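Residues per chain, in single letters:
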Amino acid sequence: MAYAITQTCCNDASCVSVCPVNCIHPTPDEPEFGTTDMLYIDPRACIDCGACADACPVDAVFPVDRLRGPDTVFGDLNRDWFRDHPSDHAWGAPSFPRSLPGDLGALRIAVVGTGPSAGYTAQELLRGTSAEITMIDRLPVTGGLLRHGVAPDHQSTKRIAESFASVFRDPRLRMHLNLEIGTDVTHQELAAHHHAVVYAVGAAADRRLGIPGEDLPGSLPATSFVGWYNAEPTVPADAVDLSAARRVVVVGNGNVAVDIARILLTDPDRLAATDIADHALAALRGGRVREVVLLARRGPEQAAWTTAEFLALRRLPGVEVVVEDHPRVRAAIEAGARAGSGSPAGLLAGLPLVPHDGGADPGPGRRIVLRFLSAPVALSGDGRVEALTVERTAPTADGGVEGTGAEDVLRAGLVVRSIGHRGVPLPGLPFDEAAGTVAHREGRVVDPATGRPLPGTYVVGWAKRGPSGGIGANRACARETVDALMDDAAARALPVPAAGGREFDRLVRRRRPDAVGLRELRAVDRAERERGEAEGRPRVKLATVPDLLAAGRRR
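Residues numbered from 1 in each chain as written. Predicted model: local features only at pLDDT ≥ 70, side-chain atom pairs only at ≥ 80, totals over all residues. Heavy atoms only, no water.

Draft legend 1. Region of the structure containing the overall build of the protein. In terms of regular secondary structure, the protein is built from 19 helices and 25 strands. Computed over its C-alpha atoms, the radius of gyration of the protein comes to 24 Å, within 12% of the 24 Å expected for a compact globule of 555 residues. Overall size of the protein, expressed as C-alpha extent along the three principal axes, is 70 × 60 × 55 Å. A buried classification covers 53% of the 555 residues belonging to the protein. With the model as given, the accessible surface of the protein reaches about 23,600 Å², and the carbon-plus-sulfur share is 50%. Charged side chains in the protein number 64 positive and 70 negative. The centres of these two groups are separated by 4 Å. (Helix = DSSP H or I, 4+ residues; strand = E, 2+ residues; numbered from the N terminus. Rg over C-alpha atoms; globule rule 2.2 N^0.38 Å. Buried < 20%, exposed > 50% of the residue type's maximum accessible area, 1.4 Å probe, protein only. Areas by Shrake-Rupley, 256 points an atom, 1.4 Å probe, with all protein chains shown as cover. Lys, Arg positive; Asp, Glu negative; His and termini not counted. Charge placed at Lys NZ, Arg CZ, Asp CG, Glu CD.)

Draft legend 2. Main features of the sheet that holds strand E17 (residues 387-395). Spatial ordering of the open sheet is given by E16-E17-E18, a layout of 3 strands whose pairing is antiparallel. Of all strands in the sheet, those bounded by a partner on one side alone are strand E16 (374-380) and strand E18 (401-411). Taken pair by pair, the neighbouring strands of this sheet meet at an average axis angle of 25°, ignoring direction. Note: E16 against E17, 6 bridges, orientation antiparallel. Paired with leucine 379 across the two strands is leucine 388, which belongs to E17. (Pairing = 2+ DSSP bridges. Axes fitted to C-alpha atoms, helices over the stretch in contact; angles between N-to-C directions.)

Draft legend 3. Region of interest: the sheet that holds strand E8 (residues 196-199). Across the sheet, which stays open at both edges, the 7 strands sit in the order E7-E6-E5-E8-E25-E24-E23 with mixed pairing between neighbours. Edge positions in the sheet fall to strand E7 (173-177) and strand E23 (440-441), since each has one partner strand and no second. Of the pairings in the sheet, the one linking E23 to strand E24 (residues 444-446) comprises 2 bridges and is antiparallel in character. Across the sheet, residue arginine 441 finds its bridge partner in E24, namely arginine 444. Against the sheet, helix H4 (residues 116-128) makes contact with strand E5 (108-112), strand E6 (132-137), E7 and E8, and its axis sits at roughly 170° relative to E6, the strand it touches most. The strands touched by helix H16 (residues 473-490) within the sheet are E5, E8, E24 and strand E25 (453-459), with E25 carrying the most contacts at an inclination of about 150°. (Contact = heavy atoms within 4.5 Å.)

Draft legend 4. Spotlight on the pairing of strand E19 (residues 414-417). On E19, burial covers both faces: Leu414 and Val416 on one face and Val415 and Arg417 on the other are all buried. By the bridge criterion, 3 bridges tie strand E10 (residues 219-221) to E19 in an arrangement that is parallel. Residue proline 221 lies in a different strand from E19, and its bridge partner there is arginine 417. Of the pairings in the sheet, the one linking strand E11 (residues 247-251) to E19 comprises 4 bridges and is parallel in character. Within E19, the residue paired with valine 249 across the bridge is valine 415.

Draft legend 5. The nonpolar core, seen in detail. Counting residues in hydrophobic clusters, the biggest one holds 117 residues, and the most contacted among them are Ile24, Ile133, Phe225, Tyr229 and Leu370. Not counting residues within four places of it along the chain, the set of residues in contact with leucine 370 comprises Leu294, Trp305, Phe310, Val321, Val322, Val323, Glu324, Leu348 and Leu351. Among the nonpolar cores identified, the runner-up in size contains 18 residues, and Ile181, Val438, Val445 and Val508 belong to it. (Core = buried A, V, L, I, M, F, W, Y, C linked by side-chain atoms within 4.5 Å.)

Draft legend 6. Spotlight on the environment of arginine 417. Mapped onto the elements of the fold, arginine 417 is located in strand E19. In the structure, arginine 417 is positioned 209 residues away from arginine 208 in sequence and 7.5 Å away in space, judged by C-alpha atoms. Setting aside residues no more than four positions away along its own chain, arginine 417 makes contact with Asp206, Arg207, Arg208, Leu209, Glu214, Ser219, Leu220, Pro221, Ala222 and Val251.

Draft legend 7. Spatial organisation of the side chain of threonine 157. Mapped onto the elements of the fold, threonine 157 is located in helix H6 (residues 155-158). In this view, threonine 157 contacts Thr8, Val58, Leu146, Val150 and Ile471; residues no more than four positions away in its chain are not counted.

As structure tokens, this is what we get:
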């Protein structure tokens, strides 16, 4: 019986490298890698060896005959993908680990960030070189989006962090947390102590709607909402007020918007078994949210969610998922159903099509309303958000949408914009304003005016390619950046640092006496796990910087 990849696929391709018959696609060498929702196993070629299941860092691979209930759809999704993507399963030319000239000595490389892209970068460097690594993060804990971005009810996805545990234990790695580059230490000072610096800082800013009333209390970006339920230390416990919200409007329909809708309407007793922030769990228990509207300017054929995430939304216990009825939406769903399971609009087939009166109070029960072809126009309220005015849109010939002039008002106690992330400029580094990323070429940071690389300076992850691709996409991204760094090292193009690792440690202690190292990080991890064990949870997160620092000192 063949194996199938299921919802929690992380796309890091660990399974591809161990498959003896090359039946898992797309591979990192194929054009669609990093853009498909997930990876797929061809049931015609699978030999049922189980190597992929053993290698999967998030337990997403199962024998098809063991899939039960709603998970059986993933057997069909794996099979159907190969109907449209035929493969001869031939292996390409072998590739071998890179090596550096023996007389170079040990390189000292700084990695700024501790999220997935930083973890994969450090992993590549430690496996392929004799480099000494310094990892730096502005927060007192590691993980980046693995800790503060992945929804708490996706615990299996968070298991990928375990694959980085050996990285943090490596004797060639130093760690300085609670240290911010550009504030505590400059880029120039960091570069003066290392042969190379790799920035893995993500895309921290949110995109704005640019409409009146956007700054009213009760209007907030998805980054704040996600940080709130994930105990991100820079997001206060009172950042989200659910006390008056019966209807919440989420502008956007990507995976983050789906996460927010799911968390808002999931039974808090189910969330109590996760690592959700205590303050968020208390607010959800006391909240009165009965309806979440996912608002999209475009039609269902352009929906941004992935298939697996939307299927999980449809299976949410006690929650009805409906589509606001509209002639163009109805036609798109019918066309999508005819196109097959790969169509975003086709996923909506079978859902109730209902009129939606956003001016009335939500009815009984809990439901998610998918409202397409509706653009936000203005937010209004007496001191805080009470309503959102939307304008009906219509498709244009070039694939976009335009306003029709027909407006409607949705009463809402909370509006969350989930329309994408954007990188922020880093002190001392060139920034590409148009792309919202650090200016680079194949991972080498470059001066936009001259196109010349800044010696010894690199970028990886969302700061490099923009906010696209899931966790696993960072693995190939990191490999490209590390390859560029190793090419420069082999060409002896890396600058020689003026000072060493011990001098940098002393600089950190002077500038930031409360910086956190590996021992303190382990103490925080123990404290959170012990708190979780007492409550039957994987961990109970410490939600403020002072609490994290205090736990680290109790080592």
